[in-house]
Amino acid sequence: MPRLAARTARIPPSPTMQVTATVDRLRRAGTEVIDFGAGEPDFPTPAPVKAAGRAAIDADFTKYTPASGLSELKRAITARYRADYGVDYAESEVVVTAGGKQALFNAALSLFGPGDEVVTHAPYWPTLPEQVKLADAAPVIVRTHAEEGFAIRAEPILAAITPRTRGIIVNSPCNPTGSLIAEAELAAIADLAAARGIWIVVDLCYEKLIYDEVPHNLPKVLADRCRDLAVLCGSASKAYAMTGWRCGWAIGPAPVIAAAGAIQSHATSNVSSITQKAAIEALTGSQAPVAAMLAEYRTRRDQLLAWLAEEPRLGCRRPAGAFYLFVDVGAVLSIDGFRTSADFARGLLEEARVAVTPGEAFDAPGFIRISYATSMDLLREGSSRLLAFVRAHADASRAGASR
Ligand SMILES: Cc1ncc(COP(=O)(O)O)c(C=O)c1O
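Below, the structure is looked at part by part. (Residues numbered from 1 in each chain as written. Predicted model: local features only at pLDDT ≥ 70, side-chain atom pairs only at ≥ 80, totals over all residues. Heavy atoms only, no water.)

**Some points on the sheet that holds strand β4 (residues 138-143)**
Okay, so step 1: In spatial order, the strands read β2-β8-β7-β6-β5-β3-β4; together these seven strands make up an open sheet with mixed pairing. Looking at the sheet topology across the chains shown, the edges are occupied by β2 (94-97) and β4. Each strand of the sheet is rotated relative to its neighbour by a mean of 20°, with strand direction disregarded.
Okay, so step 2: Judged from the four bridges that link them, strand β7 (residues 230-235) and strand β8 (residues 248-251) form a sheet pairing that is antiparallel. Of the residues in β8, the one forming a bridge with Leu232 is Ile251.
Okay, so step 3: Sitting on the sheet, helix α4 (residues 71-85) is in contact with β2, β7 and β8, with an inclination near 110° to β2. (Pairing = 2+ DSSP bridges. Helix = DSSP H or I, 4+ residues; strand = E, 2+ residues; numbered from the N terminus. Axes fitted to C-alpha atoms, helices over the stretch in contact; angles between N-to-C directions. Contact = heavy atoms within 4.5 Å.)

**Some details on the environment of Ala195**
Okay, so step 1: By the element assignment, Ala195 lies in helix α8 (residues 183-196).
Okay, so step 2: By relative accessible area, which is 68% here, Ala195 ends up exposed.
Okay, so step 3: Sequence separation between Ala195 and Ala154 is 41 residues; the distance between their C-alpha atoms is 15 Å. (Buried < 20%, exposed > 50% of the residue type's maximum accessible area, 1.4 Å probe, protein only.)

**Let's talk about the packing of helix α3 (residues 47-58) against helix α11 (residues 273-284)**
Okay, so step 1: The N-to-C vectors of α3 and α11 enclose an angle of 145°; their axes lie 8 Å apart at closest approach. In the packing of α3 onto α11, the handedness of the crossing is right-handed. Contacts between α3 and α11 involve Pro48, Val49, Ala52, Gly53, Ala56 and Ile57 on the former and, on the latter, Ile274, Lys277, Ala278, Glu281 and Ala282.
Okay, so step 2: For the contact of α3 with α11, the class distribution of residues is eight nonpolar, one polar and two charged. (Left-handed = near helix turned anticlockwise from the far one by under 90°. Nonpolar A, V, L, I, M, F, W, Y, C, P; charged D, E, K, R; others polar.)

**Structural notes on the site of the ligand**
Okay, so step 1: The environment of the ligand is made up of 13 residues, and the closest members are Gly100, Asp203, Ser235, Ser237 and Lys238.
Okay, so step 2: The contact in question runs from an oxygen atom of the ligand to an N or O atom on the backbone of Gly100, over 2.6 Å.
Okay, so step 3: Separating an oxygen atom of the ligand from a side-chain N or O atom of Arg246 is a distance of 2.7 Å.
Okay, so step 4: Among the elements that line the shell around the ligand, the one with the most residues is helix α5 (residues 99-111), at three residues.
Okay, so step 5: Counted by class, the shell around the ligand contains three nonpolar, six polar and four charged residues. (Near = heavy atom within 4 Å. Polar contact = N/O pair within 3.5 Å; in protein donor to acceptor, adjacent residues only side chain to side chain.)

**Considerations on the nonpolar core**
Burial of nonpolar side chains together is a common tendency in soluble globular proteins.
Okay, so step 1: In this structure, Leu73, Ile77, Tyr81, Phe112, Val201 and Leu222 are the most contacted members of the largest nonpolar core, which totals 74 residues.
Okay, so step 2: When neighbours within four sequence positions are excluded, Tyr81 is seen to be in contact with Gly86, Val87, Leu204, Glu207, Pro219, Leu232, Gly234, Trp249 and Ile251.
Okay, so step 3: Counting 41 residues, the second-largest nonpolar core is a separate cluster that includes Leu294, Leu308, Leu314 and Ala394. (Core = buried A, V, L, I, M, F, W, Y, C linked by side-chain atoms within 4.5 Å.)

**Regarding the sheet that holds strand β9 (residues 324-328)**
Okay, so step 1: On the basis of which strands lie adjacent, the open sheet formed by three strands has the order β9-β12-β11 and antiparallel pairing. Of all strands in the sheet, those bounded by a partner on one side alone are β9 and β11 (357-358).
Okay, so step 2: In terms of strand pairing, β11 meets strand β12 (residues 367-371) through two bridges, oriented antiparallel. Bridge pairing in β12 links Pro358 to Ile368.

Remember, this is a structural readout, not a statement about activity or role.
Printed below as a string of structure tokens:
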């Protein structure tokens, strides 16, 4: 067989999706598993959004659309950002993409290339640095720290800038940590980016999932300071429980969006016409379902934290956004043969049938990510199995030590 392209050796498959694949395999084999790995809402897509999709099919709205998306949807996106953030964008500054993932990928391919460095923060959603590598550029990773609540701060990001830095990618709310970047920190990054001509890409896929009334108007901070350098990547996936529909968007300077649209026109063309009609309804219709889902996630977050607090060996922090607990299992790894958090996650799945994503997936060994986008009953059962698992191993290791 002739060899594969060199880039394939640089790109591993998505580790978060591997957890989903393992859970699927076990379930198909008849094994009951509690899945805390899934990075997607457990809620159904809101009824009016589903109805808009059905109406599109019934109206035979099933043909190609413009590759960069329907004008009506672009207007719905710009209207949403105007209402939510007070920023003004034109239709020519929006491309509709197959999820936030393609928005970010289009941005990486449009902005970065060989010899470029792109700074981002860890723990990270693994796709972000992999996309930079797919664009033949080099990710430069700056760490955020558990002791600081994984706050994304300007200072280390700015300190990582070199003459080769072409871009900075910020994800807030962050997957997996749930932390946010403060407006003032982003402002400091934006000012330097403006002075040095560095692109800023912001992954806002969890923008609707912020639990407290904290200032988080990142689009306005960027629009005021470096509008010509900023690309906002958003998604209907998490906000409207539409992960399978595949709809996201990139908003930014017209030349960047034109380039992103051209790339997409040769790669995937338009997002499904049906999905686009559904997304118009999601963005322009009542936002009450978003608020209801957020309230439910908040209740689950607080309850899950209360349950896990019973085990002092699990280090938990209250996340400000998204729907993940990023749990420090460092104290558990010293017991009973778990060398790594990947070992721990494997043991938890094999023995307790609870799937979590190991921190290694996010460049953060020593942690596990628990998704609370699942029902309260499953959270209760899964967290009780997790506690029992940790205790059983701690007891076994104590017994071993005393023998
Ligand atoms: C941080 C982050 N950004 C972007 C995405 C992309 O999601 P989608 O392509 O479904 O919009 C995800 C999905 O898990 C994510 O966690």
